[in-house]
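Coordinate inspection notes
One-letter residues, chain by chain:
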Amino acid sequence: MARKETITKADILNAAFEMTMEAGFDRVTARTLAAKAGCSTQPIFRVYRNMDELGAELFERVVAYFDEYYEKFPKNSNTPFVNLGFAYVKFAQDCPRLFKLLFDSENKYGKSLYDILNGKGSVVKEVNNARFSGCGNPSVMFMKMWIFIHGAACMSLTGDYDLNDEETVALLEESYQAFQKKT
């Protein structure tokens, strides 16, 4: 009679996700993952050819987590790019290690920052919102806003961002208005 599998692929992926959230993806090795999952390394390599394959699947899981985070995030501003930008900054604050994996690492498993952000059409919706709000060049506006937004999010990772939520929203809205005058 064959032995029953006690550690599933989902268990391994969940353990890798938790480790990434707690300590960062660079801390996920076969041995540390096995310890977290409560198994030897053998079950890991039974379901994944190598750690790169696990990393790619974990990356997709974190992308889906960000999509869900943004979908559930309150949308309180009518100013284009503000809701997406505020959610992005808060994601960096709430989930810094996941943010680093998605938006501040060289290996994005073939996805660009735009691909990740636009998961469920979020960027396209914001660009269309800007167009309908009278923005002359919404693509240029997105680039200007995104440079600003990404900078704020990265500052929060280093502890150099000390604005509260209301100040963040106000700053994003003011930035949009200032860029609108020049776009």
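Because the structure is a prediction, the values reported are computed rather than measured. (Residues numbered from 1 in each chain as written. Predicted model: local features only at pLDDT ≥ 70, side-chain atom pairs only at ≥ 80, totals over all residues. Heavy atoms only, no water.)

**What about the packing of helix α1 (residues 9–23) against helix α6 (residues 96–103)?**
Just so we agree on the cut-off: An axis is simply a line fitted to the C-alpha atoms; with a helix, the fit covers only the stretch in contact. Between two such axes, the angle follows the N-to-C directions and lies from 0 to 180 degrees. A run of DSSP states H or I qualifies as a helix once it reaches four residues; a run of E qualifies as a strand once it reaches two. Both are numbered from the N-terminal end. For classification purposes, angles smaller than 35 degrees are called roughly parallel, those larger than 145 roughly antiparallel, those between 65 and 115 roughly perpendicular, and all remaining angles oblique. In this analysis, two residues are considered to be in contact whenever any of their non-hydrogen atoms come within 4.5 Å of each other. Each residue is assigned to one of three groups, with Ala, Val, Leu, Ile, Met, Phe, Trp, Tyr, Cys and Pro labelled nonpolar, Asp, Glu, Lys and Arg labelled charged, and all others, Gly among them, labelled polar.
Where α1 contacts α6, the axes come no closer than 6 Å and their chain directions differ by 105°. Considered as vectors, α1 and α6 are oriented roughly perpendicular to each other. Across the interface between the two elements, F17, T20, M21, E22 and A23 from α1 touch R97, L98 and L101 from α6. Tallied by class, residues from the contact of α1 with α6 come to five nonpolar, one polar and two charged.

**What to know about the packing of aromatic side chains**
Worth spelling out the cut-off: The pairing test for Phe, Tyr and Trp rings, Trp by its six-membered ring, is centres within 6.5 Å, and the orientation test on the planes gives stacked under 30 degrees, edge-to-face over 60, and tilted for anything in between. Exposure is judged per residue with a 1.4 Å probe applied to protein chains only, and the accessible area is read against the type maximum: over 50% gives exposed, under 20% gives buried, and values in between give partly exposed. Whether a charge sits over a ring depends on NZ of Lys or CZ of Arg being within 6 Å of the ring centre and within 35 degrees of the ring normal.
Within this structure, the stated rule accounts for 16 aromatic pairs. Considering the side-chain rings of F142 and W146, the 5.7 Å spacing of their centres and the 25° angle between planes classify their relative orientation as stacked. You can see F142 and its partner W146 sitting in helix α9 (residues 138–158), four residues apart, about one turn around the helix. In this structure F142 comes out as buried when scored by relative accessible area, which is 11%. The ring of F17 has R61 sitting right over it, with the charged end atom 4.5 Å from the ring centre. Positioned over the ring face of Y70 is K75, at 4.1 Å from the centre of the ring.

**Section: the environment of V47**
When you line up the elements, V47 lands in helix α3 (residues 42–47). By relative accessible area, V47 is classed as partly exposed at 23%. Sequence separation between V47 and A10 is 37 residues, and the spatial gap between their C-alpha atoms is 9.9 Å.

**A word on a negative patch on the surface**
Stated formally: Every patch collects residues that have over 30% relative accessible area and no salt bridge, joining them within 9 Å if they carry like charges and within 5 Å if they are nonpolar side chains (Val, Leu, Ile, Met, Phe, Trp, Tyr). Here the Shrake-Rupley method, with its probe set to 1.4 Å, supplies the accessible areas, and only the displayed protein chains count as covering residues. Counted as salt bridges are all cases of a side-chain nitrogen of Lys or Arg within 4 Å of a carboxyl oxygen of Asp or Glu. Counted as positive: Lys and Arg. Counted as negative: Asp and Glu. His and the chain ends are not counted at all. To locate a charge, take NZ of a lysine, CZ of an arginine, CG of an aspartate or CD of a glutamate.
On the surface, a cluster of negative charge is contributed by D160, D162, E166 and E167. In this fold, E166 is placed in helix α10 (residues 165–182). For E166, a relative accessible area of 58% gives the class exposed.

**So, the packing of helix α5 (residues 82–94) against α6**
At a minimum axis separation of 5 Å, α5 and α6 run at an interaxial angle of 120°. Here α5 is positioned oblique relative to α6, judged by the angle of their axes. Contact with α5, carried on its side by Y88, F91, A92, Q93 and D94, involves P96, L98, F99, L102 and F103 of α6 and no other residues of that element. Class assignment of the residues belonging to the contact of α5 with α6 gives a composition of eight nonpolar, one polar and one charged.

**Description of the pattern of salt bridges**
Within the structure shown, the criterion is met by seven salt bridges. Several salt bridges converge on common partners, so that one network encompasses E18, E22 and K36.

**Considering the confidence of the model for the chain**
The line we're drawing: Note: pLDDT gives the predictor's confidence per residue, expressed from 0 to 100.
Per-residue confidence for the chain gives a mean pLDDT of 94; residues scoring 70 or more make up 97%. For the chain, per-element mean pLDDT is lowest for helix α7 (residues 113–117), which scores 89, and highest for α1, which scores 98.

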